[in-house]
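# Observations on the three-dimensional arrangement
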Amino acid sequence: MDSSVLYRSILCVCSALLLIFTLSWLQTPTAPPTFSRLFTPHPKLIQSSAHHHESDIPRHPLDPLTISEITAARAILFSHPPFSSSPSSLIFHSLALDEPDKSAVLSWSSGDSLPPRRASVVVRFKGEAHLLAIDLAKGSVSSLPTPATGFPTMTIEDMTSSAAAPLLDAAFNRSIIARGVRISDLACLPVSSGWFGREIENRRRLIKVQCYSSEGTANFYMRPIEGLTVLVDMDTKEVVQINDEGGDIPIPKSTGTDYRYEAAGGNEMARPLRPISIEQPEGPSFDVVDGHRVRWAGWEFHLKADARAGLVVSSAGVADPVSGERRSVLYKGYASELFVPYMDPTDAWYFKTYMDAGEYGFGLQAMPLIPLNDCPRNAYYMDGIFIAADGRPYVRSNMICVFESYAGDIGWRHSESPITGLEIREARPKVTLVARMAASVANYDYIVDWEFQTDGIIRVKVGLSGILMVKGAPYTHVKHFPAKQDTYGTLLSENIIGVIHDHFITFHLDMDVDGTNNSFVKVGLARQDTNAGQPRRSYLKATRHVARTEKEAQIKLKLYEPYEFHVVNAEKTTRLGNPVGYKVVPAGTAAALLDPNDPPQLRGAFTNNQIWVTPRNKTEEWAGGLFVYQNQGEDTLAVWSERDRSIESKDIVLWYTLGFHHIPCQEDFPIMPTVSSSFDLKPVNFFERNPILRSPPNMEKDLPVCTAAASA
Ligand SMILES: *[C@@H]1O[C@H](CO)[C@@H](O)[C@H](O)[C@H]1NC(C)=O
Ligand SMILES: *[C@@H]1O[C@H](CO)[C@@H](O)[C@H](O)[C@H]1NC(C)=O
Ligand SMILES: *[C@@H]1O[C@H](CO)[C@@H](O)[C@H](O)[C@H]1NC(C)=O
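Residues numbered from 1 in each chain as written. Chains lettered and ligands numbered in written order. Predicted model: local features only at pLDDT ≥ 70, side-chain atom pairs only at ≥ 80, totals over all residues. Heavy atoms only, no water.

The name given to the protein in an unreviewed UniProt entry is Amine oxidase, with the source organism recorded as Platanthera zijinensis. We quote the UniProt Sequence similarities (unreviewed entry) comment for the protein here in full: "Belongs to the copper/topaquinone oxidase family." (UniProt positions renumbered as here; feature names shortened; annotations may be inferred.)

What follows is the structure, encoded as structure tokens:
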């Protein structure tokens, strides 16, 4: 699965796992939100951030809100009617920087005063959602229209308290005991319930809670209490309905489920690697200016954490190797939404169609990175500052890391062979700069890398790891599978089925190729047949087509009808007259194959194409809509794109969806080795020639005293 946040609070205060999940709000610089009293953290798990953020001040127009700005915004709302009548009824679902207009950001330079600082806020008050913009200097609040359907991103408190709600129901307790599970061994997850056209879904915020037995393992995800689903009203915590089926399905054994180093066991031969590290004897080649601006190898970009998107890259530009001038490439890039539908239509599974950014908060679920393992020793760490449901800020330490990566790859090379008689041996090491985060949306882990290369490429890579969402089943061997009935997945271990599912991550890429006036060009490659009598019967020809409107930029990738997809500057060409551009280069990806009118796919319609292009519009940021939870899909990228607006010679946004089909296999048990895919933003006639000719080769004398033992 993906999404859900672990709840075990009242039941078991001693679990280390639990503490990791709750770390976030325990680091609250001010008093912790009330629900944290349920937990007692182990002191070792509270990482002290090297940096204390109380005195942070914003230094760039795109810098996230600081602790004092968040505190100020909260105070402004508390004294604003109608909230002032009952400030304690105000629930904060998000409070983040309302970014200044793009023109103000583009015309800003270091040393200028900042454009007015504003906060964009989503709160609920007495059951009503409000979207507000706050001017922090003036103290003024303006109210904006809210979407027609759906609810705001859940708060962490929504998730934890909903997961606890079933215990207030005697029938639930009886069912757990009847299945032989001790209440103290219960671990329950809040599963977003989706939208399936039922009347109740329009009125109430609903969530489905499913539980596991943690007896004998830290990996309770492998011990599902199958078929027991509790529908909970997220606001009243009332149990609306209990579906109690599958009582005869055994809870899988705990044997072999623990993945932790001490517990994993196994043969010594399976661990033959000696420690490895990267050395930078003269220190790193990048610096981070004013906390958020990263400069490396001609690149400069703004980097920040975001509660919903996770990691946001802004104002990325690269120095021209000839003129030295910084040229813009990408104004803003981030994961706009995730969609993770499971392929099991039965009662306890059909609704599992997660949207991890808009429902759970992709950034909220990003835990502190683990030094030396999540990121190498030469990494720099950046914190996130988020808010709890009561509007108080807290620090998520080490949420992002930045490091130079050298995987032993080659940047470019050429050697002359004896044929020519020339003695030329030229090769350059490939070093890149990675900005990384990892979100743990309950069981599943997503690793998101933005990798900047010296040749102008930006590679966006998503890795999937963590633990599968599995289904309890009566089978211990595939020979027990019923002949006529679907099992919806693979038998991974005795009584455990890994259910087939997809992952889609849709990226918002506000391209600014050498400025904001851009066009989207499809460069098609098609067979041409030659005239009779020629030695060749056919060849391939490239044809350019500038997309005039949005519908011409709704792209489904096809292997036998190949295209390149360029974003070009509408006004600039190279010395030779080629349009200056960047292309999006898909790598392995998967397409959405569900019925487009299936309710989850209506909501996930932003995955109907791999590529879309829209005219930039500040209110079209979230591909699944602003309020994704239980919405009806009326505010998605697919709906916006159907307006078929002009996109030629405009400030445009490219949307790219990276997809994965996942048919689980036994190697995914009890935890998955990382599976990755990526796409590139690659210069195409952007530079006048190879931009890394002048990159220096590595020399033995410059490197530390590690002997090349392997070649001895
Ligand atoms: C269910 O069990 C828990 C744990 O023993 C207990 O706290 C709770 O009160 C029980 N619920 C009901 C309705 O009996
Ligand atoms: C964008 O470029 C086109 C030429 O391709 C030009 O006609 C148009 O005025 C430009 N738009 C802006 C806003 O500068
Ligand atoms: C901007 O987006 C909003 C929301 O989709 C839409 O209502 C509005 O018409 C859009 N503006 C333009 C100029 O397309």
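What follows continues from the structure just given.
## Points about the overall build of the protein
The helix and strand tally for the protein stands at ten helices and 30 strands. Along the longest, intermediate and shortest principal axes, the C-alpha atoms of the protein span 85 × 70 × 65 Å. For the protein, the residues scored as buried account for 52% of the 712 residues in total. Of all intrachain contacts in the protein linking residues separated by at least 6 positions in sequence, the fraction that spans at least 24 positions is 69%. Split by element, the accessible area of the protein, about 31500 Å² in all, is 54% carbon and sulfur. (Helix = DSSP H or I, 4+ residues; strand = E, 2+ residues; numbered from the N terminus. Buried < 20%, exposed > 50% of the residue type's maximum accessible area, 1.4 Å probe, protein only. Contact = heavy atoms within 4.5 Å. Areas by Shrake-Rupley, 256 points an atom, 1.4 Å probe, with all protein chains shown as cover.)

## Focus: the pattern of salt bridges
Counted according to the given criterion, the structure contains 46 salt bridges. For Arg124, the salt bridge is made with Asp235, and the minimal N-O distance between the two is 2.8 Å. Taken as a pair, Arg124 in strand 2 (residues 118-125) and Asp235 in the loop between strand 7 (228-233) and strand 8 (239-244) lie far apart in primary sequence, 111 residues in all. Overlapping salt bridges bring together Lys102, Asp510, Asp512, Arg616 and Asp651 as one network. (Salt bridge = Lys/Arg side-chain N within 4 Å of Asp/Glu carboxyl O.)

## As for the sheet that holds strand 1 (residues 90-97)
Within the open sheet, the four strands sit side by side as 1-2-3-4. Their pairing is antiparallel. In the strand order of this sheet, the two ends are held by strand 1 and strand 4 (140-144), each with one partner. Neighbour-to-neighbour, the strand axes of the sheet open up by a mean angle of 25°, direction not taken into account. Note that strand 1 and strand 2 share seven bridges and pair antiparallel. Bridged to Leu97 within strand 2 is Ala119. Contacting strand 1, strand 2, strand 3 (128-135) and strand 4, helix 2 (residues 67-78) crosses the sheet at an angle of about 135° to strand 1. (Pairing = 2+ DSSP bridges. Axes fitted to C-alpha atoms, helices over the stretch in contact; angles between N-to-C directions.)

## Quick notes on the site of ligand 1
Around ligand 1, the neighbouring residues are Leu167, Leu168, Asp169, Ala170, Asn173 and Ile183. Contacts to ligand 1 include Leu167, whose backbone N or O atom sits 2.6 Å from a nitrogen atom. Contacts to ligand 1 include Asn173, whose side-chain N or O atom sits 2.4 Å from an oxygen atom. Burial of ligand 1 by the surrounding chains reaches 45%, relative to a free accessible area of 360 Å². Looking at side-chain class alone, the shell around ligand 1 contains four nonpolar, one polar and one charged residues. (Near = heavy atom within 4 Å. Polar contact = N/O pair within 3.5 Å; in protein donor to acceptor, adjacent residues only side chain to side chain. Nonpolar A, V, L, I, M, F, W, Y, C, P; charged D, E, K, R; others polar.)

## Focus: the site of ligand 2
As a matter of local geometry, ligand 2 sits amid Asn517, Ala570, Glu571 and Ser649. Contacts to ligand 2 include Asn517, whose side-chain N or O atom sits 2.3 Å from an oxygen atom. Take Ala570: an N or O atom from its main chain is 3.0 Å from an oxygen atom of ligand 2. In the shell around ligand 2, the residues fall into one nonpolar, two polar and one charged.

## Remarks on the side chain of Thr160
As for its placement among the helices and strands, Thr160 is situated in helix 4 (residues 156-164). For Thr160, a relative accessible area of 8% puts it in the buried group.

## Side note on the packing of aromatic side chains
This structure, assessed with the given rule, holds 27 aromatic pairs. Taken together, the ring pairs connect Tyr342, Trp349, Tyr354 and Tyr360 into an aromatic cluster. Its end group placed over the ring of Trp622, Arg308 keeps NZ or CZ at 4.3 Å from the ring centre. Taking NZ or CZ as reference, Lys352 lies 3.6 Å from the ring centre of Trp349, over its face. (Phe/Tyr/Trp six-rings, centres within 6.5 Å; stacked < 30°, edge-to-face > 60°. Lys NZ or Arg CZ within 6 Å of the ring centre and 35° of its normal.)

## Brief notes about the pairing of strand 15 (residues 380-387)
For strand 15, the buried fraction is high: six of the eight residues fall into the buried class. Pairing of strand 15 with strand 16 (residues 393-415), which is carried by seven bridges, proceeds in the antiparallel orientation. Within the sheet, the bridge partner assigned to Tyr380 lies in strand 16 and is Val402. The turn joining strand 15 and strand 16, which pair antiparallel and follow one another in sequence, is formed by five residues; a positive phi near 85° is taken by Gly391.

## Re the nonpolar core
Core analysis: the largest hydrophobic core is formed by 119 residues, its most contacted members being Trp450 and Phe520. Counting residues in each nonpolar core, the second largest holds 22 residues, with Ile76, Ile134, Leu136 and Val395 among its members. (Core = buried A, V, L, I, M, F, W, Y, C linked by side-chain atoms within 4.5 Å.)

## Brief notes about the side chain of Asp502
Its location among the elements puts Asp502 in strand 23 (residues 501-511). This buried residue, Asp502, is left without a salt bridge; Lys556 holds the nearest opposite charge, at 14 Å. Those residues in contact with Asp502 that lie beyond four places of it in its chain are Phe339, Val340, Pro341, Met343, Phe660, His661 and His662. (Lys, Arg positive; Asp, Glu negative; His and termini not counted.)

## With respect to unusual backbone geometry
A cis amide bond, omega 5°, links Pro81 with the succeeding residue Pro82. Residue placement: Pro82 occurs in the loop between helix 2 and strand 1. In this structure, Pro670 follows Phe669 across a cis peptide bond, with omega equal to 0°. Mapped onto the secondary structure, Pro670 falls in the loop between strand 29 (652-662) and strand 30 (672-684). Its identity as a non-glycine residue notwithstanding, Gln630 has a phi of 60°, on the positive side. Within the element layout of this structure, Gln630 appears in the loop between strand 28 (611-615) and helix 10 (637-641).

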